[in-house]
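# Structural description and commentary
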Amino acid sequence: MAVVGYLVAALATCNRRGLSRHICNTVMASLLVPPTSVRGMTKLDRSKFTTIVELPVIRLGKANLARVMPALKKYMLKMQKFKPIQKYDDADDDGGKIAYLDPVKVQNFEDIDESDQKLLSDNDVTDFFKKRVSLNYDNWPYDQVLKAVFPEGAEVPNSYSKIGHLVHLNLRDSQLPQKHLIGQVLLDKISNTKTVVNKLNTIDTTYRHFAMEVLAGDKDTMVTVSEHGFQYKFDFATVYWNPRLATEHQALVSFIKPHDVLYDVFAGVGPFAIPAGCKGNRVMANDLNPESYRWLIENAKLNKTRGNVTAFNKDGREFLKVEVKNDILKRRDIGTEGSEHIAMNLPGMAVEFLDVFADWFNREEAEKVCRKPPIVHLYCFVKLGKDADPHALAKLLVEEKLGHTLTPESLLTIHHVRNVSPNKEMMRVSFMLISDILIGYKPVAKKLKIDNTDLFLDENVIGKDGKEQGTPQDQKCVQGSRSS
Ligand SMILES: C[S@@+](CC[C@H](N)C(=O)[O-])C[C@H]1O[C@@H](n2cnc3c(N)ncnc32)[C@H](O)[C@@H]1O
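Note that residues are indexed from 1 along each chain, following the sequence as it is written. Where local features are concerned, this predicted model is filtered to residues with pLDDT of at least 70; where side-chain atom pairs are given and counted, the filter is 80 or more; whole-chain, interface and lining totals use all residues. As a convention, hydrogens and water are excluded, and side-chain values are obtained from all of the structure's heavy atoms.

### What about the overall build of the protein chain?
Note on conventions: DSSP H or I runs of at least 4 residues are helices, E runs of at least 2 residues are strands, and numbering of each starts at the N terminus. Secondary structure assignment for the protein chain yields 13 helices and 19 strands. Whether a residue is buried, partly exposed or exposed follows from its accessible area with a 1.4 Å probe, protein chains only, as a fraction of its type maximum: under 20%, in between, or over 50%, in that order. For the protein chain, buried positions account for 52% of its 484 residues. Contacts are assigned to residue pairs with any non-hydrogen atoms lying within 4.5 Å of each other. Restricting the contact set of the protein chain to residue pairs at least 6 apart, pairs at least 24 apart contribute 70%. Computed by Shrake-Rupley with a 1.4 Å probe, the accessible areas treat only the displayed protein chains as cover when residues are assessed. Entry remark: accessible area of the protein chain is about 22400 Å², with carbon and sulfur atoms responsible for 51%.

Below, the structure is given as structure tokens:
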């Protein structure tokens, strides 16, 4: 209370001296934070967050709320689980109401804009005073609670991803001593959360899923997520899922027209395959991870793909060389309508599979296939140097691995999928397997340096700034520099 009293006095001085609004805001903002005594807490004690503050209040009496609200709305106090309009609880009150105002915005009636003051005065709403209020743990969002308990100046975990009922964190080493408290706070504060997990610093590089530790809540990593109206069920501890790919999943599926076929080489639990199957397209979807394969089959049933999706559990190279090849040849033999789309979403590695196309078909087969060239949608990461163009880098990378220049005849689109981290972009290069690629050989002019030791950032964790947060991983990434 002494601190609060001091701050109120400081603000009054601030107002009197006409000091800048910025300084006053800084002082007042600190009024509405949890008590400093919680700093350093490692075991969550919610009762320790209760504190008394003095808030500006305006008496509404019997005023017509609909009339005064336009003038009051922007000044009202917005805190979690706090009603800014309440009954005035003094004994002599006849049931009128009061509105709690934000002390950062208003300390006196004069702080309210003149036009709003007039509207309030016209409705007899001018009685402005301060009132003591008890705030508690429920009133602060998770980041303010964490900021209060963390050591002064320490980096607070301000990012997480939500996968069904599960909150997924990627904590830094310095945050680990308070990991269980962090888990509990997120469990309390993030709606529809039953489990909070932290990514451990290892990644299964083959199947692209994370080892994780349950910090709070049920030890249950089985989730059901909804994406563009489709349901996906899986165990997040054993398969890959990234909520930031939702837009891309829909974008790719929108290219697939009636009679087209989708060959999904790295299908995961089916976010390309299932929407395409539900549209009525035939889909052959493959994933090397037996768990992804299992959930792919389950999800095809769950979303009623009506037998359009066939699942495979093979290495992508084998899948392309045998299943995809045979299916394309069969389609040419019977003269089927539509195009073939080959989706290759394993951005750190997919380019390494492009050499398959060099001797995929013999000359006679290739000539048949190229009558309607199959379309490849290849995903990759590019790391940008100064002034580098991610589109140009993605094109160069594909050309180098493919052994062919992508010409206007073969190149369809180069699309920026998302920013992964500062200077690292995920790209999609869509191109057609024309006869030059399937039969001929054209050496590429430019070579890129591939740096295998680059940092790979966790693809699943979203920062408040929209960027991803992560830890170093051993994953290939393309540098934006060229060698001759
Ligand atoms: C980045 S995830 C993409 C999954 C899915 N397409 C999506 O958009 O969510 C890549 C997938 O490739 C699978 N994978 C990794 N290496 C593979 C390989 N050699 N052959 C086939 N699948 C592989 C992983 O198990 C993972 O499910």
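### Re the UniProt feature "binding site: S-adenosyl-L-methionine" (unreviewed entry) in the protein chain
UniProt positions are given in the numbering used here, feature names are shortened, and annotations may be inferred rather than shown by experiment. In this structure's numbering, the residues bearing the UniProt feature "binding site: S-adenosyl-L-methionine" (unreviewed entry) are His249, Asp287, Leu288, Asp315, Gly316 and Asn345. Lining the second largest pocket, out of the annotated residues just given, are His249, Asp287, Leu288, Asp315, Gly316 and Asn345. Take His249: it is sitting in helix 7 (residues 246–255). Residue class for His249 comes out buried when judged on its relative accessible area of 5%. Leaving out residues up to four positions away in the same chain, His249 has contacts with Glu227, Pro271 and Phe272. Structurally, Asn345 is set in the loop between strand 14 (340–344) and helix 11 (363–369). With near-sequence residues (within four places) excluded, Asn345 lies in contact with Leu245, Phe266, Phe272, Tyr379 and Met426. In this analysis a 1.4 Å probe is tested at points of a 1 Å grid over the protein atoms alone, and where it fits but cannot get out there is a cavity; an open set with protein on both sides within 12 Å along at least five of seven lines is a pocket; lining residues have an atom within 4 Å of a point.

### Examining the packing of helix 3 (residues 65–72) against helix 4 (residues 114–122)
Here the axes come from fitting lines to C-alpha atoms, over the contacting stretch only for helices, and the angles between their N-to-C directions go from 0 to 180 degrees. Contact geometry for helix 3 and helix 4: axes closest at 8 Å, N-to-C directions at 160 degrees. Accordingly, the angle class assigned to the pair helix 3 and helix 4 is roughly antiparallel. Seen along the crossing, helix 3 lies across helix 4 with a hand that is left-handed. Packed against helix 3, whose contacting residues are Arg67, Val68, Pro70, Ala71 and Leu72, the element helix 4 presents Asp116, Leu119 and Leu120 at the interface. Partitioned by chemical class, the residues of the contact of helix 3 with helix 4 number 6 nonpolar, no polar and 2 charged. We call two directions roughly parallel when the angle between them is under 35 degrees, roughly antiparallel when it is over 145, roughly perpendicular when it lies between 65 and 115, and oblique otherwise. The crossing is said to be left-handed when, going from far helix to near helix, the turn is anticlockwise and less than a right angle, and right-handed when the turn is clockwise. Charged means Asp, Glu, Lys or Arg here, nonpolar means Ala, Val, Leu, Ile, Met, Phe, Trp, Tyr, Cys or Pro, and polar covers whatever is left, Gly included.

### A look at the layout of surface pockets
Grid points are joined across faces, edges and corners, and a volume is the space filled by probe spheres set on the points. When its volume is computed, the second largest pocket comes out at roughly 460 Å³. Along the walls of the second largest pocket sit 32 residues, with Arg208, Phe266, Asp287, Asn345 and Leu346 positioned nearest its centre. Class assignment of the residues belonging to the lining of the second largest pocket gives a composition of 16 nonpolar, 10 polar and 6 charged. Reported domain spans reflect what an automatic or database domain assignment gives. Two domains share the lining of the second largest pocket, each providing at least three of its residues, namely domain 2 (146–220) and domain 3 (243–483).

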